[in-house]
Amino acid sequence: MTDPIADYLTRLRNAIKASHRIVEIPASNIKKEITKVLHDKGYIQNYKFEQNGPQGTIKIALKFNPTTKQNAIVSLQRVSTPGLRKYAKHDELPRVINGLGIAILSTSKGVMTDKEARTEGIGGEVLCYVY
């Protein structure tokens, strides 16, 4: 697999389209950090890291609106790919839907959102957009 983060986002997208409640994804440290950011910002309901085998898995409970059955995540878009990395300085960080969505960044201080990186004054690699 050449791009594990794109695989992570695709598995989430497919589970949302199929209206699944829970999705299992092979774990890695960056995927765990992205999952924590999504949970902190309210895009997923819950998550659990399971240590089975050398790699482990992440179980993610997706968040749906009970009346409309619509998911909290409308779009997941990969920005930086292995073939074309996208970096942004702290003063050039992207705003997703004029601040309604989030951009997840990999910085020197860990994985964080664009708003947190702006307040810390650091830039980094723009991993994905979520709204």
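To be clear, the structure that these remarks concern was listed above.
Every chain begins its residue count from 1, and numbering advances along the sequence as written. For this predicted model, a pLDDT threshold of at least 70 governs which residues receive local features, and a threshold of 80 or more governs which side-chain atom pairs are given and counted, while totals over whole chains, interfaces and linings are taken from all residues. Side-chain metrics in this entry use all non-hydrogen atoms of the structure; hydrogen atoms and water are not considered.

We now examine unusual backbone geometry. Non-glycine residue Ser19 carries a positive phi angle of around 60°. Per the convention used, a helix needs a DSSP run of H or I reaching at least four residues, while a strand needs a run of E reaching at least two, with both numbered from the N terminus. Its place among the elements puts Ser19 in the loop between α1 (4–17) and β1 (22–26). A positive phi angle, near 55°, is found at Asn98, a position not held by glycine. Looking at the element boundaries, Asn98 is found in the loop between β5 (87–88) and β6 (102–107). Among the residues examined, Asn98 registers a relative accessible area of 63% and is labelled exposed. The buried label goes to any residue with under 20% of its type's maximum accessible area, the exposed label to any with over 50%, and the partly exposed label to all in between, with areas taken from a 1.4 Å probe on protein chains only.

Right, let's talk about the pattern of salt bridges for a bit. Salt bridge, as used here, is a side-chain nitrogen of Lys or Arg placed within 4 Å of a carboxyl oxygen of Asp or Glu. This model, assessed by the stated rule, comprises ten salt bridges. Here Lys41 and Glu116 are joined by a salt bridge, their closest N and O atoms 3.7 Å apart. Placement of the pair is Lys41 in the loop between α2 (29–40) and β2 (44–50) and Glu116 in helix α3 (residues 114–120), with a sequence separation of 75 residues. Here Arg85 makes a salt bridge to Glu125, at a shortest N to O gap of 3.0 Å. Residue Arg85 is located in the loop between β4 (76–78) and β5, and its partner Glu125 is located in strand β8 (residues 124–130); the two are separated by 40 residues in the primary sequence. Exposure remark for Glu125: the relative accessible area of 13% places this residue in the buried category. Through salt bridges with shared partners, one network takes in Glu24, Lys48, Glu50 and Lys59.

It is worth spelling out α2 at this point. In an α-helix there are 3.6 residues to a turn, and that puts residues three or four apart on one side. To estimate how far a helix should extend, the number of its residues minus one is multiplied by 1.5 Å. The end-to-end C-alpha distance of α2 is 17 Å, a good match for the 16 Å that twelve residues give at a rise of 1.5 Å each. Gly42 sits one or two residues past α2 and shows a positive phi near 85°.

For α1, with 14 residues, the first-to-last C-alpha span of 20 Å sits near the 20 Å given by 1.5 Å per residue. All of the buried residues along α1 are Ile5, Asp7, Tyr8, Leu9, Leu12, Ala15 and Ile16. The contact definition used throughout considers only heavy atoms, calling two residues in contact when any of these lie within 4.5 Å. On its buried face, α1 sits against β1, α2, β3 (57–62), β4 and β8. Phi turns positive, to about 60°, at Ser19, one or two residues after α1.

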